[in-house]
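So you can see what is in the structure, the chains are spelled out below.
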Amino acid sequence: MFAPEPPDLVQLARITPSIYEAGLTCLAKAAWYALGGHGVLPDNPAAILGTSFHEVVAAAHRGTLMAANHSDRTPARQLFDETVRTLHKKAHPLVKLKFPIPERLPYYNLQRERTSIIAAHIAASRLSTGSPVETSRTSTSPARTESRLCSKDGLIVGRADHIDGKSESVVDYKSGYVVGADADAVSDSEARQLRLYAYLAGENGIYVSKGIVVRGSGQRCELPISPAEAEAEANSARTQLQTIDAAVTNGAVFSDLASPSPQSCKSCVCIPFCTSFWASVKPEWSPDCGSHVEGNVIDVGNRLIQGVSLTTLSLAVRSGTIAGQTASVEQIPSDWMKIEDDLPCSGDVVRVVHGRELEMNGNTAVVRIDKAMTAVWRLRVDTSRGDE
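Once a new chain begins, its residue numbering starts again from 1 and follows that chain's sequence as written. Selection of residues for local features in this predicted model requires a pLDDT of at least 70, selection of side-chain atom pairs for listing and counting requires 80 or more, and totals for whole chains, interfaces and linings are taken over all residues. Hydrogen atoms and water are omitted, and side-chain values are computed over all heavy atoms in the structure.

Enquirer: Residues and numbers for the environment of I225, please.
Expert: Elements are defined by DSSP. Helices are runs of H or I of four residues or more, strands are runs of E of two residues or more, and each kind is numbered from the N terminus. In this fold, I225 is placed in the loop between strand 7 (220-224) and helix 8 (227-249). For the exposure calls, accessible area comes from a 1.4 Å probe over protein chains only, and a residue counts as buried if that area is under 20% of its type's maximum, exposed if over 50%, partly exposed in between. Among the residues examined, I225 registers a relative accessible area of 3% and is labelled buried. Between the C-alpha atom of I225 and that of A191, which follows or precedes it by 34 residues, the distance is 8.9 Å. In what follows, a contact means two residues having at least one pair of non-hydrogen atoms within 4.5 Å. What I225 contacts, discounting residues up to four positions off in sequence, is L194, R195, A198, V208, S209, K210, G211 and A230.

Enquirer: Describe the packing of helix 7 (residues 188-203) against helix 8, with residues and values.
Expert: Note on geometry: axes are C-alpha line fits, over the in-contact stretch for helices, and angles between N-to-C directions span 0 to 180 degrees. Packing of helix 7 against helix 8 leaves a shortest axis separation of 8 Å and a crossing angle of 100°. One finds that helix 7 runs roughly perpendicular with respect to helix 8. Contacts between helix 7 and helix 8 involve R192, R195, L196, A198 and Y199 on the former and, on the latter, E229, A230, E231, E233, A234, A237 and R238. Oblique is the label for every angle not falling under 35 degrees (roughly parallel), over 145 degrees (roughly antiparallel), or within 65 to 115 degrees (roughly perpendicular).

Enquirer: Could you give an account of the side chain of T115, with specific residues and numbers?
Expert: One can find T115 in helix 6 (residues 108-129). T115 gets classed as buried once you look at its relative accessible area, which sits at 1%. Look past the residues within four positions of T115 in its chain and what remains in contact with it is F53, V56 and F80.

Enquirer: Pulling in residues and values, what's your account of the pairing of strand 7?
Expert: Alternating positions in strand 7 separate cleanly, C221 and L223 being buried on one face and R220, E222 and P224 remaining unburied on the opposite face. As paired elements, strand 6 (residues 210-215) and strand 7 share five bridges and run antiparallel to each other. Note on strand 7: the bridge partner recorded for G211 is L223. A pair of strands is labelled paired if DSSP reports no fewer than 2 bridges between them. Counting the residues between successive antiparallel strands, the hairpin from strand 6 to strand 7 contains four residues, one of them, G218, with a positive phi of roughly 100°.

Enquirer: Could you give an account of empty space enclosed by the protein, naming the residues involved and the relevant values?
Expert: Space inside and on the surface of the protein is sampled on a 1 Å grid over the protein atoms alone, with a cavity defined as a set of points where a 1.4 Å probe fits but cannot get out and a pocket as an open set with protein on both sides within 12 Å along at least 5 of 7 lines; lining residues have an atom within 4 Å of a point. Grid points are joined across faces, edges and corners, and a volume is the space filled by probe spheres set on the points. Summed over the entire model, instances satisfying the criterion amount to one cavity of 30 Å³ or more. Estimates place the volume of the largest cavity at around 90 Å³. Along the wall of the largest cavity there are 13 residues; nearest its centre are C26, A258, C265, C268 and C274. The residue classification treats Ala, Val, Leu, Ile, Met, Phe, Trp, Tyr, Cys and Pro as nonpolar and Asp, Glu, Lys and Arg as charged. All others, Gly included, are polar. The class makeup of the residues in the lining of the largest cavity is 10 nonpolar, two polar and one charged.

Enquirer: Tell me about the nonpolar core, residues and numbers included.
Expert: Ranked by size, the top nonpolar core spans 80 residues in total, and within it I163, L257, F277, L315 and I332 carry the most contacts. The element best represented in this core is helix 7, accounting for eight residues. Definition used in this section: a nonpolar core is a set of buried Ala, Val, Leu, Ile, Met, Phe, Trp, Tyr and Cys residues joined via side-chain atoms within 4.5 Å. In this structure, F53, V57, V95 and A123 belong to the second largest nonpolar core, which totals 26 residues.

The structure is reproduced here in structure tokens:
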């Protein structure tokens, strides 16, 4: 696969909670969230399951998931399966090569059961209270699920998972796994998101005084939100929007907005094409960012193991979190690198992202793949630094 180009920057008409959160650490990341092409990069497989989780929970809140009681998980499981299949069909070719059928996605069954437990409880509770089915016509209802909300000035938009005007709460569901004590508290990032949703709710006539995070495990965390806190967060988001648009007006390109650091680049989707990352990254970033390497291909080796063609790339390291002068990226399924063209050859420049550095063999770093996350990108031109 060839590394995609960064997006051409244009002024943003509005900002969302996800763009805002990305921009707090890196404005280039925010620009990608706003302007990046859908399907250009392979999603983390967990994103497919997370989106399906939200779809099922939303159906339960709307009243369209017909569960007979709290133990009736069949409707939720069926909708989860259907949603995952639909998203899997639309997924990036690399994701479908790695996981040919949806059921092979990591933690599929765990997420399916967690989703069905939460959704069945919501659906049965609605049934017991006789709550009406939400539709697009019930815009005056104190309950909103995945409804697009816009600030009065049109600069901030967002879709909260669920807003309940009766309990003055906004609920955000999180499908990801959170370790230890962190699961029992609302994180700073989650708090910012909840405050923005509370502000948007208020702008649309629904008063919200608290935010609730519900994790996939069923754990609930609450956060009180005052009108002043919600408005302050909204003003911060407006300031970020103005900063991005001012930079675009002054002729900034994608790399001008980047703020590479171990913290801001952690789990960043822009790593395959962000020249600022590759110009700044050091081996010391590895504990935060993981294993990434850019290098010139020295040699390409192929083996057939149990009927699967595997390729090992020997690289002269140019940049990355790899400490060695050379890297041996071992046993990459050959099909992963043949989506757009043939295998890399000697002299090509490639970027291997989200690998697993196993050991040092002299000056050579030995890297293996991570099935869910690793991708190999070829550069169309030899660009050592700066914009490609």
